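Residues per chain, in single letters:
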Amino acid sequence: MAINYTWNVNTVDVKEINGNTDTVFNVHWVLTATDDTNNDAEGNPQTATASSTVVLDTSSISNFIPFEDLTVTKVQGWVENALNKRDDTKVEIIKNVLASDIVNKINPPFQTKILETK
């Protein structure tokens, strides 16, 4: 099973900080895991997603990048660094949870059934 991970970090909150307008201080992120080797009944790849927001440390902005010069790759790096700041394996943990979600979709660990009333 090969799982690909895709970040969406396109939605950000900005404000003026220390005279720098449109400073990104909060990022709304979505991480999608896709397994295209185990399609569902309709032929679609199996997917799982995680999403949240992360507040960036803006206490010391030494290399300010104007908003119009920001790239998705740069912001993704900020998100991953912020997530890993408290636990250096946080991103890996999120990816493992998403992979586990996909495995459970392919091979459900349980079934829910309803008892008939007699």
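Report follows, based on the coordinates. (Residues numbered from 1 in each chain as written. Predicted model: local features only at pLDDT ≥ 70, side-chain atom pairs only at ≥ 80, totals over all residues. Heavy atoms only, no water.)

Overview of the sheet that holds strand β3 (residues 46-55)
Strand order in the open sheet formed by three strands is β1-β2-β3, with antiparallel pairing between adjacent strands. At either margin of the open sheet sits one strand with a lone partner, and together these are β1 (3-17) and β3. Ignoring which end each strand starts from, the neighbouring axes of this sheet average 20° apart. Taken together, the twelve bridges between β1 and strand β2 (residues 20-35) define a ladder with antiparallel strand orientation. Within β2, the position partnered with threonine 6 by the bridge is threonine 32. Of the strands in this sheet, β1, β2 and β3 are in contact with helix α1 (residues 72-86), which crosses β1 at around 90°. (Pairing = 2+ DSSP bridges. Helix = DSSP H or I, 4+ residues; strand = E, 2+ residues; numbered from the N terminus. Axes fitted to C-alpha atoms, helices over the stretch in contact; angles between N-to-C directions. Contact = heavy atoms within 4.5 Å.)

Notes on the packing of aromatic side chains
Following the criterion strictly, the structure yields one aromatic pair and no others. Positioned above the aromatic ring of phenylalanine 25, the side-chain terminus of lysine 15 is 4.6 Å from the ring centre. (Phe/Tyr/Trp six-rings, centres within 6.5 Å; stacked < 30°, edge-to-face > 60°. Lys NZ or Arg CZ within 6 Å of the ring centre and 35° of its normal.)

A closer look at the layout of surface pockets
The calculated volume of the largest pocket comes to roughly 550 Å³. Elements supplying a minimum of two residues to the lining of the largest pocket: β2, β3 and α1. Broken down by element, the residue count for the lining of the largest pocket peaks at six residues, all from α1. Partitioned by chemical class, the residues of the lining of the largest pocket number ten nonpolar, six polar and five charged. Computed from the structure, the second largest pocket encloses a volume of approximately 180 Å³. Of all the secondary structure elements, the ones that give two or more residues to the lining of the second largest pocket are β3, α1 and α2 (90-106). Here the lining of the second largest pocket gets five residues from one element, more than from any other, and that element is β3. Here the residues of the lining of the second largest pocket are counted per class, giving six nonpolar, three polar and three charged. (1 Å grid on protein atoms, 1.4 Å probe; cavity = no way out; pocket = protein on both sides within 12 Å on 5 of 7 lines; lining within 4 Å. Points joined across faces, edges and corners; volume = space filled by probe spheres on them. Nonpolar A, V, L, I, M, F, W, Y, C, P; charged D, E, K, R; others polar.)

Section: the environment of threonine 34
Within the secondary structure layout, threonine 34 lies in strand β2. Between the alpha carbons of threonine 34 and asparagine 4 there is a distance of 5.2 Å; along the sequence they are 30 residues apart.

As for the nonpolar core
Formed by 22 residues in total, the largest nonpolar core has its most connected members in Trp7, Val27, Trp29 and Val79. Those elements that place two or more of their residues in this core are β1, β2, β3, α1 and α2. (Core = buried A, V, L, I, M, F, W, Y, C linked by side-chain atoms within 4.5 Å. Buried < 20%, exposed > 50% of the residue type's maximum accessible area, 1.4 Å probe, protein only.)

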